[in-house]
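Topology and contacts: notes
Residues per chain, in single letters:
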Amino acid sequence: GGFVFSRGTGVTINPADGQATYSGDYAALRDFQGNGGLEYVTGDVTMDIDFSDFNDGYGIKGQVTNRQIFDAAGNNITGDIIAALTDIHPSNTALPVLRFTIGPGVMDVNGEINGTLGSTMVKENGALGDYEKGKYYAVLSGAGADQEVVGVIVVTSEDPRYENVTARETGGFILYR
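First, a word on scope: everything that follows refers to the structure included in this document.

Here is what the cut-offs are and how they apply
- Position numbers for residues count from 1 along each chain, tracking the sequence in the order it is written.
- pLDDT decides what is reported in this predicted model: residues at 70 or higher carry local features, side-chain atom pairs at 80 or more are listed and counted, and totals for whole chains, interfaces and linings draw on all residues regardless.
- Values shown for side chains rest on all heavy atoms present in the structure; no hydrogens or waters enter the calculation.
- Every helix listed is a DSSP run of H or I at least four residues long, and every strand listed is a run of E at least two residues long, numbered separately from the N terminus.
- Should any heavy atoms of two residues lie within 4.5 Å, those residues are considered in contact.
- The term salt bridge refers to a side-chain nitrogen of Lys or Arg lying within 4 Å of a carboxyl oxygen of Asp or Glu.
- Paired strands, as defined in this entry, are two strands with at least two bridges between them according to DSSP.
- Only protein chains enter the accessibility calculation, which uses a 1.4 Å probe. A residue is then buried if its area is under 20% of the maximum for its type, exposed if over 50%, and partly exposed in between.
- Working convention: axes come from line fits to C-alpha atoms, limited for helices to the stretch in contact. Angles between N-to-C directions cover 0 to 180 degrees.
- Think of a polar contact as two N or O atoms within 3.5 Å of one another; within protein, one of them needs to be a possible hydrogen donor and the other a possible acceptor, and neighboring residues in sequence only count if both atoms come from side chains.

1. Re the environment of Pro160
Examined against the element boundaries, Pro160 turns out to sit in the loop between β7 (148-158) and β8 (166-176). Measuring from C-alpha to C-alpha, the distance between Pro160 and Ala84 comes to 5.4 Å, with 76 residues separating the pair along the chain. Excluding residues that lie within four positions of it along the chain, Pro160 makes contacts with Ile81, Ala84, Leu85, Ile88 and Tyr131.

Spelled out as structure tokens, the structure:
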């Protein structure tokens, strides 16, 4: 559940205005409260930074898509989790997308980023509700076209395969412009 990342040198936020898009890979570990075991996750991350937006820091929009979950032996068990979600409501046919909460003040002038994110799914009553909730932490480094974003995501959810089991997913990402 712990993590460490740092920037080797300073950052010059450039562009000073406009927008930039970053994309890259995601890898995570899932551990459980109420159950043993360990699972692995892969996925894709995109992040858009609006350097001109919001009065209180820069605006960030991002998401983690195409997540696949593997057991400790390397078997893809994504279908098992999707089947359990489908048991909750038939329209849950894929793993939910983790979406960064859009808002001001998530990145400061030093390129340090932290905010919230989560996913939603259709619940038993047919209404859309929260599935995963958590935080992300990142740093922007480099200058101009050589900028990259390195960060960590921590989200929790109830594991739909079991009763009274909470899954914690702790993952990292490296995004390039």
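Moving on from the coordinates now.
2. Some remarks on unusual backbone geometry
Most peptide bonds take the trans form, and the phi angle of most residues other than glycine is negative. Even without glycine at this site, Asn66 takes up a positive phi of about 55 degrees. For Asn66, the location among the structural elements is in strand β3 (residues 59-70). For Asn164, which is not a glycine, the phi torsion comes out positive at approximately 55 degrees. Residue position: Asn164 is located in the loop between β7 and β8.

3. Comments concerning the pattern of salt bridges
Under the criterion given, the structure shown has 9 salt bridges. For Glu132, the salt bridge goes to Arg67, with nearest N and O atoms at 2.8 Å. With Glu132 in strand β6 (residues 128-141) and Arg67 in strand β3, this pair connects stretches of sequence that are 65 residues apart. Taken together, the shared-partner salt bridges in this structure form one network comprising Arg30, Glu39, Asp159 and Arg161.

4. Here's the deal with the pairing of strand β2 (residues 39-50)
Sheet analysis places strand β1 (residues 19-33) next to β2, joined by 12 bridges and oriented antiparallel. When the bridges of β2 are listed, Leu29 appears paired with Tyr40. In this antiparallel pair of consecutive strands, β1 and β2, the connection spans 5 residues, and Gly34 shows a positive phi of 100 degrees. Alignment of β2 against β3, held across 10 bridges, turns out to be antiparallel. From the neighbouring strand, Val41 faces β3, where its bridge partner is Ile69.

5. Quick word on the side chain of Ser157
Positionally, Ser157 belongs in strand β7. You can call Ser157 buried: its relative accessible area is 6%. Those residues within four positions of Ser157 in sequence are excluded, and the remaining contacts are Tyr131, Glu132, Val165, Thr166 and Ala167.

6. Considerations on the sheet that holds strand β5 (residues 112-122)
The 8 strands lie next to each other as β1-β2-β3-β4-β5-β6-β7-β8, forming a closed barrel whose pairing is antiparallel. Recorded for the sheet is a direction-independent mean angle of 25 degrees between the axes of neighbouring strands. In this sheet, β8 lies alongside β1 in antiparallel orientation, the contact comprising 11 bridges. Looking at the pairing, Gly24 lines up with Leu175 of β8.

7. With respect to the environment of Asn66
Sequence-wise, Asn66 and Val41 are 25 residues apart; in three dimensions their C-alpha atoms are separated by 9.9 Å. At 3.2 Å, the side chain of Asn66 and the side chain of Asp44 are in polar contact.

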